[in-house]
Amino acid sequence: MLNINILKDGGKAVFALEGRLDTSTAPQLEDAVNKDIAELTDISFDFANLEYISSAGLRVLLSTQKTMNKQGKMVIKNVSEEVLEIFDVTGFSDILTIE
Amino acid sequence: MEKTFECEAKIENLGKANAFLEETLEEVGCGMKQSMQLSVALEEIFVNIAHYAYAEADSSGNIIPDTGSGRVRLTLVAEDGKVFMTFEDEGVPYNPLEKDDPDVTLSVNDREIGGLGIFMVKKSMDDMKYEHKDGKNILTLMKKL
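What you are looking at is a predicted structure, and each value in this text was computed from that prediction instead of being measured. (Residues numbered from 1 in each chain as written. Chains lettered and ligands numbered in written order. Predicted model: local features only at pLDDT ≥ 70, side-chain atom pairs only at ≥ 80, totals over all residues.)

Engineer: Requested: an account of unusual backbone geometry, with residues and values cited.
Structural biologist: If you check the backbone angles, A:N78 has positive phi at about 55 degrees while not being a glycine. Within the element layout of this structure, A:N78 appears in the loop between β4 (73-77) and α3 (81-89). (Helix = DSSP H or I, 4+ residues; strand = E, 2+ residues; numbered from the N terminus.)

Printed below as a string of C-alpha cells:
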C-alpha cells in the first residue's frame, strides 16, 4: 500500500510517500506526478515514511528525473538506510540528488 | 524450517506471496535490511515469472506479457543462518542469471528505464542457482542472515 501526500505551491511540489513503492503501487505515483509535471520546476520527494522500493519504483524516479533535467530540479529527502543501499547498488545515488 | 506457498503466476498475487515471505522471515528473526532485500528479490523474480513464464506469442512471434496462465511455487528454507528462497514454474525455459547487467555508470539521460530488477537481485543475494529440470525452471536464491 502507498499513500501519497502532495503539497503544491506554484511551480513547486512536494510528494511525501508513505508505505511501499512497488510493482502494484508505482503506477499510482506515476499518475500523480504526471498529472502536474508540465507546470512544475521544482519537485521534492519526501521518503521519511517510505518502507520499501523495488525496480518498479526506481523506474518512476528515473523517468521523472529525466523530465526534470529539462525543466527544473528534483530532490529526494529523508532516505532510509535500506532505500539508500538500493540507490547505491543501482547507481541511482549518482543520478539523483539526495539530501 | 521449510515452508511452501503456491499460486497462479499473476501480478495480483504478489501481495500474498510477499505476506508469506514476511511472515516466515519474522519467525526466523530476520533483520530489516535482509528482509527488505529478500522482499525486493521476491518481487523482481515473481513479477518476471508472472509477466513472461507463461506468456503467449502473437502470429509474428512477439511475446505478449501477462497472457497465458500457470502456477508458481515458492519454497522458503531457513537453516544454519541462511535463508533459501526457491521459485519453480513450468513456463518457458529462462535463466535470469544469463541476462546482461545494465551499465549503472551511465548518465541520467543515457540510462534506460528498466532492466534493473534482476541486477538488484544479483547484487543483494549471497548466491543464486538456476536449473531446468523435469520441464521446470528452478531458481534458488540464498541470503545469509
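Still more ground to cover, so stick around.
Engineer: Could you give an account of the interface of chain B and chain A, with specific residues and numbers?
Structural biologist: With 24 residues of chain B at the interface, the matching set in chain A holds 19 residues. The dominant element in the side of chain B that touches chain A, judged by the number of residues it contributes, is helix α2 (residues 32-53) of chain B, at eight residues. Looking at the side of chain B that touches chain A residue by residue, the classes come out as eleven nonpolar, eight polar and five charged. (Contact = placed C-beta atoms within 7 Å. Nonpolar A, V, L, I, M, F, W, Y, C, P; charged D, E, K, R; others polar.)

Engineer: How would you explain the nonpolar core if you had to name every residue and give the values?
Structural biologist: If you look at the biggest cluster of nonpolar residues, it comprises 58 residues, and the most contacted ones within it are A:L21, B:A41, B:L42, B:I45, B:F46, B:I49 and B:M85. Setting aside chain neighbours within four positions, we find A:L21 in contact with A:L2, A:A26, A:L29, A:L50, A:Y52, A:I53 and A:G57. (Core = buried A, V, L, I, M, F, W, Y, C linked by C-beta atoms within 7 Å. Buried ≥ 20, exposed ≤ 12 C-beta atoms within 10 Å, placed from the backbone.)

Engineer: Which residues make up the sheet that holds strand β5 (residues 82-89) of chain B, and what values do they have?
Structural biologist: Residues and elements named next belong to chain B. Pairing within the open sheet is antiparallel, and its five strands lie in the order β1-β4-β5-β7-β6. What marks the edges here is a single partner per strand, and that holds for β1 (2-8) and β6 (127-133). When the angles between neighbouring strand axes are averaged without regard to direction, this sheet yields 15 degrees. (Pairing = 2+ DSSP bridges. Axes fitted to C-alpha atoms, helices over the stretch in contact; angles between N-to-C directions.)

Engineer: Explain the sheet that holds β4(A) to me, and be specific about the residues and the numbers.
Structural biologist: Residues and elements named next belong to chain A. The strand order β1-β2-β3-β4 describes an open sheet built from four strands, whose pairing is mixed. Whereas interior strands pair on both sides, the edge strands pair on one side only; in this sheet they are β1 (2-9) and β4. This sheet shows a mean twist of 15 degrees between the axes of neighbouring strands, independent of strand direction. Bridging between β1 and strand β2 (residues 12-21) involves eight bridges; their strand directions are antiparallel. Looking across to β2, one finds that N3 is bridged to E18. Each of β1 and β2 touches helix α1 (residues 26-36); the most contacted strand, β1, lies at about 10 degrees to it.

Engineer: Please provide a residue-by-residue account of helix α3 (residues 117-124) of chain B, values included.
Structural biologist: Burial of α3(B) is extensive: six of the eight residues sit out of reach of the surface. Looking only at α3(B), the buried set comprises B:G117, B:I118, B:F119, B:M120, B:V121 and B:S124.

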